[in-house]
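Now for the letters of each chain:
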Amino acid sequence: MPHFIELKAVREQSLPGTYIATIIADIDDNGTFEEVEYGVVPGDTFGIAPQVVAAVIDWKHRALPIEPYVLPTADELRAEMPTLTRRQLLRVVLDIGITEADIDAALADDPVGLIEWRNATQYERLHPLMTSLAADFSLLPDQVDALWTYGLAL
C-alpha cells in the first residue's frame, strides 16, 4: 500500500471542495519516493486519502497558496474527445451529405492523407487529417465537435 510522505502543492478543481494535490509518496512501499498528483474528494476513506485530505485541510488553514481552477481550452477539450471508428465517422459525414467518394476526391492530391483516410480504423478529433478535411468541407471547429459528439452515440 502506498504511503503519503509530503504535500507539495494544491490545485482547485471544477467541483467545489475537490483538489489535485501534488504529493510525495512511497508508491510501492519500497522506500522509493515519487512525486504524483492525487485527486482529493471529500469523504474519500480509501488508502492514503484520509492523510492527503488532512494535509490539504492543514494547507488551507495555514493559508498556503492554492492554484485556482482554470477552465480547459477548447483544444484541450478536443484533445480529450474519444476516437471515432470508421463506421461512426462515415455515418456522421453521410448524415450531413458528405460521401466517402467526396472525401476521396478531396484527398486526391494528398496520397498520404488518402492512405490515412482509407486505412485507419480509428480517427482522433485533432488529427491533422480531420482538421484538413473539416477545412475542405467548410466545417467550423465547433461544428466538428458537435458532429463528433453525435458520432460517439452511433
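Residues numbered from 1 in each chain as written. Predicted model: local features only at pLDDT ≥ 70, side-chain atom pairs only at ≥ 80, totals over all residues. Heavy atoms only, no water.

Draft legend 1. The sheet that holds strand 2 (residues 19-26), seen in detail. Here we have 4 strands laid out as an open sheet, ordered 3-2-1-4, and mixed in their pairing. Two strands lie at the open edges of the sheet, namely strand 3 (33-40) and strand 4 (66-67), each paired on one side alone. By the bridge criterion, 8 bridges tie strand 2 to strand 3 in an arrangement that is antiparallel. Looking at strand 3, one finds that I20 is bridged to G39. With respect to the sheet, helix 1 (residues 49-61) is in contact with strand 1 (3-12), strand 2, strand 3 and strand 4, its orientation differing from that of strand 1 by roughly 50°. (Pairing = 2+ DSSP bridges. Helix = DSSP H or I, 4+ residues; strand = E, 2+ residues; numbered from the N terminus. Contact = heavy atoms within 4.5 Å. Axes fitted to C-alpha atoms, helices over the stretch in contact; angles between N-to-C directions.)

Draft legend 2. Region of the structure containing the nonpolar core. In this structure, L89, W117 and W148 are the most contacted members of the largest nonpolar core, which totals 17 residues. Counting only elements with at least two residues in this core, the list comes to helix 3 (86-95), helix 5 (111-119), helix 6 (128-136) and helix 7 (141-152). Take this core: its biggest share by element is 4 residues, from helix 6. Those residues within four positions of W148 in sequence are excluded, and the remaining contacts are M81, P82, T83, L84, L89, Y123, E124, R125 and M130. Membership of the second largest hydrophobic core comes to 15 residues, among which are F4, A21, V40 and A55. (Core = buried A, V, L, I, M, F, W, Y, C linked by side-chain atoms within 4.5 Å. Buried < 20%, exposed > 50% of the residue type's maximum accessible area, 1.4 Å probe, protein only.)

The values are spatial; any link to function lies outside them.
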